[in-house]
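Per-entry structural report
Spelled out from the first residue to the last, the chains are:
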Amino acid sequence: MLQGHKPPPKILIADDDDVMRLMVKRMMEHDDYDILEATNGEECLQIFYEQLPEVILLDAMMPVMDGFTACERIQASPEGKGTPILMITALDDNDSVDRAFEAGASDYLTKPIHWAVLRQRVRRLLKTKQLEHNLQQTIAQLDVLHRIDRELGYTLNLERILDLAMDTAIRWTGASACVVGWIEDELQQLKRLANLGGTELLANPVPQDSLQYSKQFIARIFQEDEQYYTKELDAETSQLIIPLIVQGKPVGLIGLDRVLTSIVNTESIEFLIQLASRTAAAIDKTRIYQETENQAVQLDQLYDISATISSSLDLSEVVDSMTRGLTVLLNASSAFFCEYDAQKKSLTVHNQFVIEGMKDSLPDKGIIFHLTDDIPIHYLFEGPFNLDFGIPYTKENLQQSLASYHVQSSLIVPLIDEGTLMGITFVCESRFERHFLPNEITLGRSLAAQAAVALKHATLYQNVKDLEQVKSEMIRMASHDLRNPLTQIMGYLGLLEKTLGDRLSKQEVTFMENARRGTERMDSLLTDILNLEKIESQREAAWQDVQIVSILGDVVDSLRAQAEFKSQAYVTTLLEEDVIVKGSETQLKQAFTNFVGNAIKYTQEEGTVQIRSEIKDSRFYFEVEDNGYGIPEERQEHLFERFYRAHTPGTEHIEGTGLGLSLVKSVIERHGGEVWFSSEVDKGSTFGFWLPLSKNNN
Ligand code: ADP
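Because the structure is predicted, anything quoted here is derived from the model rather than measured.

1. A word on the pattern of salt bridges
In total, this model carries 23 salt bridges according to the counting rule given. In this structure, Glu37 and Arg21 form a salt bridge, with 3.0 Å as the shortest nitrogen-oxygen distance. Of this pair, Glu37 sits in strand 2 (residues 34-38) while Arg21 sits in helix 1 (residues 18-28); the two residues are 16 residues apart in sequence, bridging distant segments of the chain. Each member of the salt-bridge network shares a partner with another, and the members are Asp18, Arg21, Lys25 and Glu37.

And the structure:
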């Protein structure tokens, strides 16, 4: 225990009467005092400054300098101010008593002295002085604690609080240096957070794991449950450590070097403990604030990265953003993604990413790791986890492999979608050994979950794209292969018709006619299928600014003859000025053609077809209205589906494929627009769509 050995209080007796001094000394011997003597005022002053006694017994009448003057001088000096002085006087007159108090005496006694009274008075003066001293010390302590509390209240400046705490601790104890140590979660070690003055205390960080077993002095607070520890350095100085406690657990310490053993007592220790508790709260609060701030930043990043990953359907883009995203989000130096093959139980490196400036060398694309049979694969489903925790070892021992790639730490992030392991991303750190923290693991898990879904979508999309490719190829091949024999049949039919001419019976002529119509239908079916295929496989990248009004004009003109052939009224209300739509000219031409063509086709002779276009709300609107057959309500639902034909009574003779409307819908929607229609049997139909205008319009 550091409690200082307290010397007996010093009492100075100033009296020119030797007998008197001797008597006083004798009488006071019962109590444990250190008695000092002076024979006149001047000597009294000299001894006072040398020894700084706690109490002075001062005779009023002395040679060289009287007691009143000596009293005044002492009280006027900074060292002497407030020193209890008991004036001893032979004079019992009121003037002398007044003079004694005016000079700053605390009390007075008249001769002859009543010894019991003297002893009592001296004790009381000492006690008062002690109380006053304690009070002042408490006020000073409270002042410091109050300042720290205030700083705590409005600042998150850890440095300032630590400086204040260390400075106070040094002043309070006379220590040569002060250190504040804290357990860094990320590095998992106890290390210096700050220090004032040079000391060996906590010069090197101590791994958190070994704190329980370390023989170092500073480790004691993590092993036992004391409020402080001291270690003697020599007869006068010691080292002192006080734990910094958060939620009942020591998480750091204040260490003081070369503390003056004599100065440190129970009160000082109590104050230091209070100081430590405030310092711990300050560090904790700042840490929490920093953590919260970091988490907010990380959540923001998580959101952005997730959005980026999910925004693409391209498999390699998704994998690339996921690998980069995890590296950045977890503040690591690199990452690589391995695809998992469930049958072979193997991981194949798919891609890698290294932060610029880092020197990580990672396993090359295509390298295969085989998982050992004894590691149940379901273990991975509990991830992400730090690789240094062991498991899932591979036959090639992944951990060793990574070490050879200069990876110091790695986090295994499995990508799992609906219970299927799709792959694993290894997030690596090559700069220092690192233990990924629980909140980082949570972040990794969130991103991995999103990435797994995106990965699945991209894989599906890739499959669909591959299938579409095959389908397009098949359609193209089949159509071409069909077209050749069909052309031959049509040719031969024509030849037959010509050569046989009049020799054919009436019935045979009808047969020939039917055969020709059949081949023509097949031909238009093939044309439609090929058109649709061409349009669907056309890429948006090739889109241009299209002058939509003039395209519509071309279509209207090209179909006019058909309408006139059926003696229909062909009414057009088109825009005078052209506008621009971004898109494919061929596809849009096809869309107009199909709508207008249908209106002519599904309207009886002498009917009316009206074509209109206008601009409204930055959109180009087009519609075509006819007063033809119309479509029964119950057949309207599937109208825009491929190969759907409404088979309205009266339209049976009209040939078609049921592909036209589905084509218009897919073209218009691809261009960011919408189609609509309304129809009533025997009254007619209106078909229309709108398209967004290009930004390139004036
Ligand atoms: P197709 O005309 O080749 O049969 P579409 O996809 O163009 O194929 O049209 C699908 C069906 O919608 C047509 O079979 C027809 O029954 C109906 N239809 C399309 N346009 C009209 C219209 N203007 N009036 C009446 N029926 C129509």
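Next comes the rest of the account.
2. Section: the nonpolar core
Judged by nonpolar contacts, the single largest core of 40 residues is most densely connected at Phe595, Phe620, Phe622 and Phe689. Listing elements by their share of this core, those giving two or more residues are helix 11 (506-537), helix 12 (548-565), helix 13 (585-601), strand 21 (608-616), strand 22 (619-626), helix 14 (660-670) and strand 24 (684-692). Of the residues forming this core, the biggest block, 8 residues, is contributed by helix 12. In this structure, Trp182, Ile242, Leu244 and Ala280 belong to the second largest nonpolar core, which totals 35 residues.

3. A look at the environment of Asp167
Its location among the elements puts Asp167 in helix 6 (residues 158-173). You can call Asp167 partly exposed: its relative accessible area is 28%. Note: C-alpha distance between Asp167 and Leu196 (29 residues apart in sequence) is 7.5 Å.

4. Structural notes on the environment of Asp466
Position of Asp466 relative to the elements: it lies in helix 10 (residues 438-500). Each C-alpha atom, one on Asp466 and one on Pro78, is 96 Å from the other, the two residues being 388 residues apart in sequence.

5. Quick look at the site of the ligand
Among the 19 residues in the neighbourhood of the ligand, the closest are listed as Asn598, Tyr602, Arg645, Thr657 and Leu661. In the model, an oxygen atom of the ligand is placed 2.8 Å from a nitrogen or oxygen of the Leu661 main chain. Ser685 is positioned with one of its side-chain polar atoms (N or O) 3.3 Å from a nitrogen atom of the ligand. Expressed as a share of its isolated accessible area of 530 Å², the protein-covered part of the ligand is 98%. Contributing elements (two or more residues each) for the shell around the ligand: helix 13, helix 14 and strand 24. Looking at which element gives the most residues to the shell around the ligand, the answer is helix 13, with 3 residues.

6. Focus on the confidence of the model for the protein
In the predicted model, the protein carries a mean pLDDT of 86, and the fraction of residues at 70 or more is 94%. Confidence drops under pLDDT 50 across residues 389-393; counting only partners more than four residues distant or on other chains, this segment forms 11 contacts.

7. What to know about the packing of aromatic side chains
Inspection of the entire model under this criterion finds 14 aromatic pairs. With a centroid separation of 5.4 Å and 75° between ring planes, the pair formed by Phe48 and Tyr49 is classed as edge-to-face. On the accessibility criterion, Phe48 (1% relative accessible area) is buried. Between Phe595 and Phe689 the ring centres are 5.8 Å apart and the planes differ by 40°, which places this aromatic pair in the tilted class. With a gap of 94 residues between them, Phe595 in helix 13 and Phe689 in strand 24 connect regions that are remote in the sequence. Here Phe595 and Phe689 have matching classes, each one buried.

Reading guide: rules and limits
- Residues numbered from 1 in each chain as written.
- Predicted model: local features only at pLDDT ≥ 70, side-chain atom pairs only at ≥ 80, totals over all residues.
- Heavy atoms only, no water.
- Salt bridge = Lys/Arg side-chain N within 4 Å of Asp/Glu carboxyl O.
- Helix = DSSP H or I, 4+ residues; strand = E, 2+ residues; numbered from the N terminus.
- Core = buried A, V, L, I, M, F, W, Y, C linked by side-chain atoms within 4.5 Å.
- Buried < 20%, exposed > 50% of the residue type's maximum accessible area, 1.4 Å probe, protein only.
- Near = heavy atom within 4 Å.
- Polar contact = N/O pair within 3.5 Å; in protein donor to acceptor, adjacent residues only side chain to side chain.
- Areas by Shrake-Rupley, 256 points an atom, 1.4 Å probe, with all protein chains shown as cover.
- pLDDT = per-residue confidence, 0-100.
- Contact = heavy atoms within 4.5 Å.
- Phe/Tyr/Trp six-rings, centres within 6.5 Å; stacked < 30°, edge-to-face > 60°.

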